[in-house]
Amino acid sequence: MESEKHGDRDTRRSLLKRLALASVGAGLSAATRARSVFGNVSYAGLSSDDFLGEVEVVAQVKDDKIFTEGPTVDAKGHVYFTNVPMSKILRFDPESRELSVFRENSNQTNGMYFDPQGRLLCCEGATSRVTRTDMKTGTIEVLADRFRDKPLAAPNDLCMDRKGRIYFTSRPGTADPEQGNVNAVYRIDPDGQLDQVLHWPDVHMPNGIVLSSDERTLYLIESHAAAEHHRDIRAYDVSDDGSLSGERILIDFYPGRSGDGMCIDAEGNLYVAAGLHTLRKTSETLDTKPGIHVISPDGKLLAFRETPEDTVTNCTFGGADLRSLYITCGTLLLRIKTRIPGKSL
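Residues numbered from 1 in each chain as written. Predicted model: local features only at pLDDT ≥ 70, side-chain atom pairs only at ≥ 80, totals over all residues. Heavy atoms only, no water.

### Some points on the overall build of the chain
Scanning the chain for helices and strands turns up two helices and 26 strands. By the burial criterion, 55% of the 345 residues in the chain qualify as buried. Of all intrachain contacts in the chain linking residues separated by at least 6 positions in sequence, the fraction that spans at least 24 positions is 48%. Accessible area for the chain stands at about 15200 Å²; split by element, carbon and sulfur atoms hold 48% of it. (Helix = DSSP H or I, 4+ residues; strand = E, 2+ residues; numbered from the N terminus. Buried < 20%, exposed > 50% of the residue type's maximum accessible area, 1.4 Å probe, protein only. Contact = heavy atoms within 4.5 Å. Areas by Shrake-Rupley, 256 points an atom, 1.4 Å probe, with all protein chains shown as cover.)

Printed below as a string of structure tokens:
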């Protein structure tokens, strides 16, 4: 039986190598052509206990449909996250352990982020806009909803630098820029100017996005479920004007499920929600284990903790010491204590 498994694996390897070679010259980026066909994730020899505590279930969502996403933590330590298909933003109080609904009719909000002023930034998928909520007055301001006179593809996730510039991912879009906006990454400047800083076909399915502590590097998760598309984390140099250059692949999850969302600790390590327990009718395999992957700034997998159910989607740091990692995972909100605190705003 074992020899048959190896034979199947060799056949699959040969096929994918031929497919990868066939893709060269077909419009894929140089970084894509340079990547290993089978990625570079190895779970051997990890020091997981040096980075991550045990997985704790802190809340469970009960609703007609459930797909949790977008965790973010306010200054008081409350955890906000979304149930996308039900258009709800939920709030978890770690002290009382109470789970409540913060907002109904959230327009299928996905990624969220609290800015230094305590305002809640939201990626609204159903309205294709990025909004900002004043938590004191409840006023909602639209920051971006169109580019080149066409509606944005659904905003997915976002981050912010100390200059007040917001970077966000937007997908799925059209493949033809004449018909609409393509899959892309945008930057909103403090004066409201919207620029497209990355776009299809250089990026395929942009997803989670974070900045390094010194804000000189932007990290982007690519998570296209179709065969021979990007499933990796890419790093870019950030110039003083906010433009991006120097694309390189930090870690490649292909052929498994790539990362979805991520956050970053004070030492520059990424905490990435990735992987599957069960196949989901895509070309994604189970090569990527389901859970939190801690990845160093040079692309080495340092630690891993398995999460209990599909689909693990995103994570953020919270707690008074920023050593509580909150994770959205299927119907669950999870918490893992970490040795290294999260990056402060």
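### Description of the sheet that holds strand S12 (residues 155–160)
Adjacent strands of a sheet pair through backbone hydrogen bonds, lying either parallel or antiparallel. The four strands lie next to each other as S12-S13-S14-S15, forming an open sheet whose pairing is antiparallel. The open sheet is flanked by S12 and strand S15 (194–199), the only strands paired with a single partner. Geometrically, the sheet is characterised by an average inter-axis angle of 25 degrees between neighbouring strands, direction not taken into account. Sheet topology note: the strand S14 (residues 184–188)/S15 ladder contains five bridges and is antiparallel. Along S15, the bridge assignment pairs Ile 188 with Leu 194. (Pairing = 2+ DSSP bridges. Axes fitted to C-alpha atoms, helices over the stretch in contact; angles between N-to-C directions.)

### So, the sheet that holds strand S24 (residues 312–318)
Spatial ordering of the open sheet is given by S1-S26-S25-S24, a layout of four strands whose pairing is antiparallel. Edge positions in the open sheet fall to strand S1 (52–60) and S24, since each of these has one partner strand only. Between one strand axis and the next, the sheet turns by 25 degrees as a mean value, whatever way the strands run. Of the pairings in the sheet, the one linking strand S25 (residues 324–329) to strand S26 (residues 332–338) comprises six bridges and is antiparallel in character. Counterpart to Tyr 326 in the pairing with S26 is Arg 335.

### Side note on the layout of surface pockets
Taken as a whole, the largest pocket encloses approximately 1000 Å³ of empty space. In this structure, the largest pocket is lined by 45 residues; those nearest its centre are Thr 72, Val 73, Asp 74, Phe 114 and Leu 345. For the lining of the largest pocket, the elements supplying multiple residues, two or more each, are strand S2 (68–73), strand S6 (109–114), S12, strand S16 (206–211), strand S20 (259–264) and S24. Among the elements that make up the lining of the largest pocket, the one with the highest residue count is S24 (five residues). (1 Å grid on protein atoms, 1.4 Å probe; cavity = no way out; pocket = protein on both sides within 12 Å on 5 of 7 lines; lining within 4 Å. Points joined across faces, edges and corners; volume = space filled by probe spheres on them.)

### Considering the confidence of the model for the chain
Averaged over every residue, the pLDDT of the chain is 91; the share at 70 or more is 88%. The model gives residues 1–38 a pLDDT under 50, and that stretch makes 40 contacts with residues more than four places away or in other chains. (pLDDT = per-residue confidence, 0-100.)

### Quick look at the nonpolar core
With 19 residues, the main nonpolar core has Phe 51, Leu 52, Tyr 271, Ile 292, Leu 325 and Ile 327 as its most contacted residues. When contributions to this core are tallied by element, the ones reaching two or more residues are strand S21 (270–274), strand S22 (291–295), strand S23 (301–306), S24, S25 and S26. (Core = buried A, V, L, I, M, F, W, Y, C linked by side-chain atoms within 4.5 Å.)

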